[in-house]
Amino acid sequence: MLSQRQRSKLLPYIYLLPCLILIAAILLYPVLVGIYTSLLDRDMYTMEGVFVGLRNFRRLADEPVFLLALGNTLWWTGTVVAGQYVLGLMLALLLNEDVRGRFVFRALILVPWVVPLAVAAVAWKWIYAEYYGILNHILRSLGIIRHNVAWLANHETAMWSVIAVGIWKGIPFVAIVLLAALQSIPREEYEAAMIDGAGNLQSFIHITLPNLRGISFIVIVLTTIWNFNQFDLTHILTRGGPGNATQLLSTYTYQLFFSAFQFSFAAAVAVVMLVVLMCLTVIYVRRII
Amino acid sequence: MIGNRRTKRLKTAGVYLGLIAFSAVLLFPFLWMISTSLKPDHEVFTQVPRWIPQEPTLDNYRNLLTRTSYPTYFRNSILVSVITTLAAVVIASFAGYSLSRFRFRGRRGVGILILVVQMFPAVLLVIPLFTLMQQLGLLNTHLSLIIAYGTFALPFSTWMLKGYFDTIPTALEESALIDGCTRTQALRQIVLPLAAPGLVTVALFSFVLAWQEYLFALAFTRTEPMRTLTVGLALMQGQHGRISWGEIMAGAFIACIPAVLIFTFLQRYLVQGFTQGAVKG
């Protein structure tokens, strides 16, 4: 029997135990197994797998589809993060203006964020449809295109089509976070600047932007992590196609594992993702603690 | 002075124009979803689509609920999301309370661990977890999803509840402890009722997390009767020869409703949670 004192010393750990066990079993253990698997040559036929060190990673460096997926992922992440940030900032500045009905707009613009991404992806697939799709109809009636475009099945347009949806989805989050920061800038700073004869643009550059610096950094790191990880949208819209044109590291990993059954190779790609993400996470955690 | 007023009016007009343009683009897919869902087939499949249904009908909804597996998907999603929520709230309450009230060895380490595991790439987890679930015989069960989602919800929930408990004064529990309550009684009878808003937030967060998840549902569920909404909906496109977009959009709209309702309430806390401490300086 434990004494009262010993028990109260153990109590904090007892309360934490279920949480920690689950995190260990469902988050930490798989990551360790994943890293270990990436060092074997395990596939569907050799379930045991021999230890091969870093050979899978060396093979990755010569694998054209991996390099393509890596390039696509960087391109996708960079473009979507930049697009979300610039448009989100514009929207935040508009919402920060003192006009009637702005609360209605603030509520309406949340829709892309609150709709489940997988569901939104299905809706966009219908918008992009080659036949009967509304996008082709609009562009045709505006005279911008003559013939229907297969947006998601065409090499030149597929990546941009997915990127557009990615940006669309993320604008509201960026906008409302930046809006909160804009509203916390003291009014006096602007008034003082106006008395000193500063114009709108000057106030924006010298007051607004510096005040947004800290929060912008966090927003950009977070959206980079999320978009780097993104899977649902690409999987539903294009499955990484046509011909790997929209293949990301996430969809490539999934395909290697669940369709090609190259377990170790898939794990190696995922470990590459892990390394990148952990670097970003260190930046995020140091900022936020 | 008049010139000044005119520029001001011009500026207001510009702001409205901008806000309307943004709202139109951001809302469009959602509105188009609703519009399509209310159209009869001959209006869906036409070369010159109309924005608003000419002969609005609920046929798509009726077919969806009677002739497809959609009701099963919906039931599965509700079941998985509700159990996930209950599990996450209970476990995160204890963990958050521990981090908030006790000073013990490794406390800071646990805090950092909880932040870091949130960032693990999902595709790296899904591979070993698939194997693990296979070994445990849990593949193609809802339990596998509940275990996974419950755990994914824990880091944010624990962090959020710890923050909430921090704001509740300790005096009440302390007097209860002196009166002979055990810690767990004090937590259940005094702290948790006071933390109700925090608990609601965490519950809604967990529910939405489970409701909208796609990757793990895709990997773990293999048969029609087990599928959840997101995967069921995404795979509906391939089922019968011509894609019945009217029905799919009806299904998409129904799937949106719980998420939209919950998120509208939740977004304020989510923004706070993810950027805590960032706005201060």
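Worth saying up front: this structure is predicted, and the values here are computed from it rather than measured.

### Remarks on the overall build of chain A
The helix and strand inventory of chain A stands at 13 helices and zero strands. Counting helices and strands in the order they occur from the N terminus, chain A gives α-α-α-α-α-α-α-α-α-α-α-α-α. In summary, chain A has a C-alpha radius of gyration of 24 Å against a globular reference of 19 Å for 289 residues, an excess of more than 25%. Structurally, chain A occupies a C-alpha span of about 75 × 70 × 30 Å along its principal axes.

### Some remarks on the overall build of chain B
Along its length, chain B carries 13 helices and zero strands. Ordered by position from N to C terminus, the α and β elements of chain B give α-α-α-α-α-α-α-α-α-α-α-α-α. Here chain B has a C-alpha radius of gyration of 24 Å; the compact-globule value for 281 residues is 19 Å, and the former is much larger. Burial status across chain B gives 54% buried among its 281 residues. Of the charged side chains in chain B, 23 are positive and 11 negative; the average position of the first set lies 13 Å away from that of the second.

### Thoughts on the interface of chain B and chain A
Taken together, the 94 residues of chain B in the interface contact 87 residues of chain A. Summed over both sides, the interface between chain B and chain A buries roughly 8500 Å², with carbon and sulfur atoms accounting for 82% of that surface. On the surface where chain B and chain A come into contact, there are one salt bridge. Residues Lys 11 of chain B and Glu 97 of chain A are paired through a salt bridge, measuring 3.3 Å at the closest nitrogen-oxygen approach. Counting the contacts that link chain B with chain A gives ten residue pairs in polar contact (both at pLDDT 80 or more). No other element matches the 18 residues that helix 1 (residues 2-37) of chain B contributes to the side of chain B that touches chain A. Of the residues contributing to the side of chain B that touches chain A, the split by class is 72 nonpolar, 17 polar and five charged.

### Thoughts on the nonpolar core
Among soluble globular proteins, nonpolar side chains are generally buried collectively. With 186 residues, the main nonpolar core has Leu 91 of chain A together with Tyr 70, Tyr 149, Phe 152, Phe 216 and Phe 220 of chain B as its most contacted residues. Per-element accounting of this core gives the leading share, 16 residues, to helix 8 (residues 155-183) of chain A.

### So, the domain arrangement of chain A
All names here are of chain A. On domain assignment, one finds that chain A holds domain 1 (25-62 + 259-289) and domain 2 (71-250). Each of domain 1 and domain 2 has a C-alpha centre, and the two are 31 Å apart. In this complex, domain 1 contributes nine residues to the contact, which on the side of domain 2 involves eleven residues. For the pair domain 1 and domain 2, the interface holds zero salt bridges. At the surface where domain 1 touches domain 2, the tally comes to zero residue pairs in polar contact (both at pLDDT 80 or more).

### Points about unusual backbone geometry
Residue and element names in this part refer to chain A. Look at the link from Gly 241 to Pro 242: it is a cis peptide, with omega at -5°. Position of Pro 242 relative to the elements: it lies in the loop between helix 11 (232-237) and helix 12 (249-258). Phi is positive for Asn 244, which is not a glycine, with a value near 65°. With respect to the secondary-structure elements, Asn 244 resides in the loop between helix 11 and helix 12.

### Topic: the side chain of Arg 102 of chain A
Residues and elements named next belong to chain A. Its place among the elements puts Arg 102 in helix 4 (residues 102-108). In this structure Arg 102 comes out as buried when scored by relative accessible area, which is 18%. Beyond its immediate chain neighbours, meaning those up to four positions away, Arg 102 contacts Leu 95, Asn 96, Glu 97 and Gln 183.

### Digging into the domain arrangement of chain B
All names here are of chain B. Segmentation of chain B into domains returns domain 1 (2-59) and domain 2 (66-275). On a C-alpha basis, the centres of domain 1 and domain 2 stand 34 Å from each other. Tallying the contact residues gives eight residues for domain 1 and ten residues for domain 2. When the buried surface of domain 1 facing domain 2 is broken down by residue, Met 33, Ser 37 and Phe 45 rank first, second and third, together holding 58% of it.

### Quick look at a nonpolar patch on the surface
Together, Ile 78, Leu 79, Val 82, Ile 83 and Leu 86 of chain B make up a nonpolar patch on the protein surface, roughly 400 Å² of accessible area in all. With respect to the helices and strands, the residue Leu 86 of chain B is situated in helix 4 (residues 70-101).

### Considering the pattern of salt bridges
All names here are of chain B. Tallied over the full model, the rule gives seven salt bridges over all chains. For Asp 59, the salt bridge identified is with Arg 62, shortest N-O distance 2.9 Å. Note that Asp 59 and Arg 62 are positioned in helix 3 (residues 59-67) at a spacing of three residues, about one turn of the helix. The class of Asp 59 is partly exposed, set by a relative accessible area of 36%. Close ionic contact of Arg 183 with Glu 173 constitutes a salt bridge, the shortest N to O distance being 3.6 Å. Of this pair, Arg 183 sits in helix 9 (residues 183-194) while Glu 173 sits in helix 8 (residues 171-178), and the two are ten residues apart along the sequence. Residue class for Arg 183 comes out partly exposed when judged on its relative accessible area of 24%.

### Observations concerning the packing of aromatic side chains
All chains considered together, the criterion is met by 29 aromatic pairs over all chains. Seen in terms of ring centroids, Tyr 15 of chain A and Phe 102 of chain B are 6.2 Å apart; in terms of plane orientation they differ by 55°. Their pairing is tilted. Linking Tyr 15 of chain A in helix 1 (residues 4-37) with Phe 102 of chain B in the loop between helix 4 and helix 5 (107-117), this pair reaches from one chain into another. Accessibility expressed as a relative area gives 4% for Tyr 15 of chain A, which makes it buried.

What counts and how
Residues numbered from 1 in each chain as written. Chains lettered and ligands numbered in written order. Predicted model: local features only at pLDDT ≥ 70, side-chain atom pairs only at ≥ 80, totals over all residues. Heavy atoms only, no water. Helix = DSSP H or I, 4+ residues; strand = E, 2+ residues; numbered from the N terminus. Rg over C-alpha atoms; globule rule 2.2 N^0.38 Å. Buried < 20%, exposed > 50% of the residue type's maximum accessible area, 1.4 Å probe, protein only. Lys, Arg positive; Asp, Glu negative; His and termini not counted. Charge placed at Lys NZ, Arg CZ, Asp CG, Glu CD. Contact = heavy atoms within 4.5 Å. Buried area = accessible area lost by both parts, 1.4 Å probe. Salt bridge = Lys/Arg side-chain N within 4 Å of Asp/Glu carboxyl O. Polar contact = N/O pair within 3.5 Å; in protein donor to acceptor, adjacent residues only side chain to side chain. Nonpolar A, V, L, I, M, F, W, Y, C, P; charged D, E, K, R; others polar. Core = buried A, V, L, I, M, F, W, Y, C linked by side-chain atoms within 4.5 Å. Domains from an automatic or database assignment. Patch = residues over 30% accessible without salt bridge, like charges linked within 9 Å, V, L, I, M, F, W, Y side chains within 5 Å. Areas by Shrake-Rupley, 256 points an atom, 1.4 Å probe, with all protein chains shown as cover. Phe/Tyr/Trp six-rings, centres within 6.5 Å; stacked < 30°, edge-to-face > 60°.

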